[in-house]
Amino acid sequence: MRIVISIGGSVLVPGLSKDRIEEYAGVVDQIIAEGNSVGIVVGGGRIARDYIEIAREFGSNESELDQMGIAITRVNAQLLMLGIDHKFGQLPPQDYESAKQILHQEGVVVMGGVAPGQTTDAVGAALAEYTDADLLIYATSVDGVYDSDPKLNPKATRYDELSPGELVEIISSMEMIAGNPAPVDLLASKLIERSGIKTVVIDGSDPKNVINAVLHDKYNGTIINSDMK
Ligand code: UTP
């Protein structure tokens, strides 16, 4: 199987720790050892937000801030590459074509952001589409897509299954809310709808959840599947 895993910065680097990076690298190694090819997209996390906040105080414009965020996602990608049991011949690719070539040649690729005006949620969906992935996993800080922010509303209800169209509808309405609680952004949702790739949003704070989802088909999260149209 070809799998793309988007690892949110908030779960890969909640704080910077070698143990945490090694844990996730071990997950990638295990998935590869089972005969899968894996594309990984890594987010920026709090470190990216801290850099962006300070640069904003200096007066950088939004594109410059995005470039700073992208740089941090790529540094995070490099760290994860150091932990994975594979000799990478190059730095994280900066575009989808290079990523696809590396994935086909080496069976594994790790990358960060690509272009301003989006987040790595969209990069994950675009990489999955570009490489015809069988499965797209979002390892986030929330265990799925909810009807409101579960961190603020104890009565928030999780959607266990959604069609891609429903996902786009739900995420669109969330994008209007201040402090947007959506675990996957709107561009990513639209790419998921367009490609029809089976997608799962899970809690990545325990990396074992990624193993369960990919290798044992066990999800505690939200499944987005075009069969549910
Ligand atoms: P993230 O994907 O980590 O953003 O990229 P996020 O959604 O804010 O982080 P989490 O998921 O909550 O942890 C970090 C920043 O890098 C820039 C954006 O500014 C983004 O906020 N970025 C990333 C881009 O501009 N383009 C990309 O392709 C990726």
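Residues numbered from 1 in each chain as written. Predicted model: local features only at pLDDT ≥ 70, side-chain atom pairs only at ≥ 80, totals over all residues. Heavy atoms only, no water.

## Describing the pairing of strand 3 (residues 108-111)
What counts here: Here the term buried applies to any residue with accessible area under 20% of the maximum for its type, exposed to any over 50%, and partly exposed to those in between, with areas from a 1.4 Å probe on protein chains only. Helix and strand assignments come from DSSP, with helices taken as H or I runs of at least 4 residues and strands as E runs of at least 2, each series counted from the N terminus. Paired strands are those between which DSSP finds at least two bridges.
Residues Val108 and Val110 of strand 3 are buried on one face, and the alternating residues Val109 and Met111, pointing to the opposite face, are buried as well. Here strand 2 (residues 37-42) runs beside strand 3; their pairing, made up of four bridges, is parallel. Within the sheet, the bridge partner assigned to valine 41 lies in strand 3 and is methionine 111.

## Thoughts on the environment of tyrosine 159
The following threshold applies: In this description, contact between two residues means that some pair of their heavy atoms is separated by no more than 4.5 Å.
Within the secondary structure, tyrosine 159 is located in strand 6 (residues 158-159). The residues contacting tyrosine 159, other than those within four sequence positions of it, are Val145, Tyr146, Asp147, Ile170, Gly221 and Thr222.

## Re helix 5 (residues 96-106)
The line we're drawing: The directions from the helix axis to the C-beta atoms are what the arc is built from. In protein, a polar contact means a hydrogen-donor-capable atom and an acceptor-capable atom, both N or O and within 3.5 Å, with residues adjacent in sequence counting only if both atoms are side-chain atoms; elsewhere, any N or O pair within 3.5 Å suffices.
Those residues of helix 5 not exposed but buried are Tyr96, Ala99, Ile102 and Leu103. The arc that holds the buried residues of helix 5, viewed along the axis, is 125°, so those residues lie on one side. Residues of helix 5 that are buried sit in contact with strand 1 (2-7), strand 2, strand 3 and helix 6 (120-130). With a side-chain oxygen lying 3.1 Å from the backbone nitrogen of glutamate 97, the N-terminal cap of helix 5 falls on aspartate 95. Phi turns positive one or two residues past the end of helix 5, at glycine 107, with a value near 80°.

## Remarks on the pairing of strand 2
Strand 2 sits mainly inside the fold: six of its six residues count as buried. Residues of strand 2 alternate between two faces, with Ser37, Gly39 and Val41 on one and Val38, Ile40 and Val42 on the opposite face, all of them buried. Here strand 1 pairs with strand 2 via six bridges, running parallel. Considered in strand 2, the bridge of isoleucine 5 is made with isoleucine 40.

## Description of the packing of aromatic side chains
Inclusion rule: Any Phe, Tyr or Trp ring, taking Trp's six-membered ring, that has another such ring centre within 6.5 Å forms a pair; planes under 30 degrees apart are called stacked, those over 60 apart edge-to-face, and the others tilted.
Applying the stated criterion across every chain, the model contains one aromatic pair. Considering the side-chain rings of tyrosine 96 and tyrosine 130, the 6.1 Å spacing of their centres and the 25° angle between planes classify their relative orientation as stacked. Of this pair, tyrosine 96 sits in helix 5 while tyrosine 130 sits in helix 6; the two residues are 34 residues apart in sequence, bridging distant segments of the chain. Judged by relative accessible area, tyrosine 96 falls into the buried class, the value being 16%. Here tyrosine 130 falls in the partly exposed class, since its relative accessible area comes to 35%.

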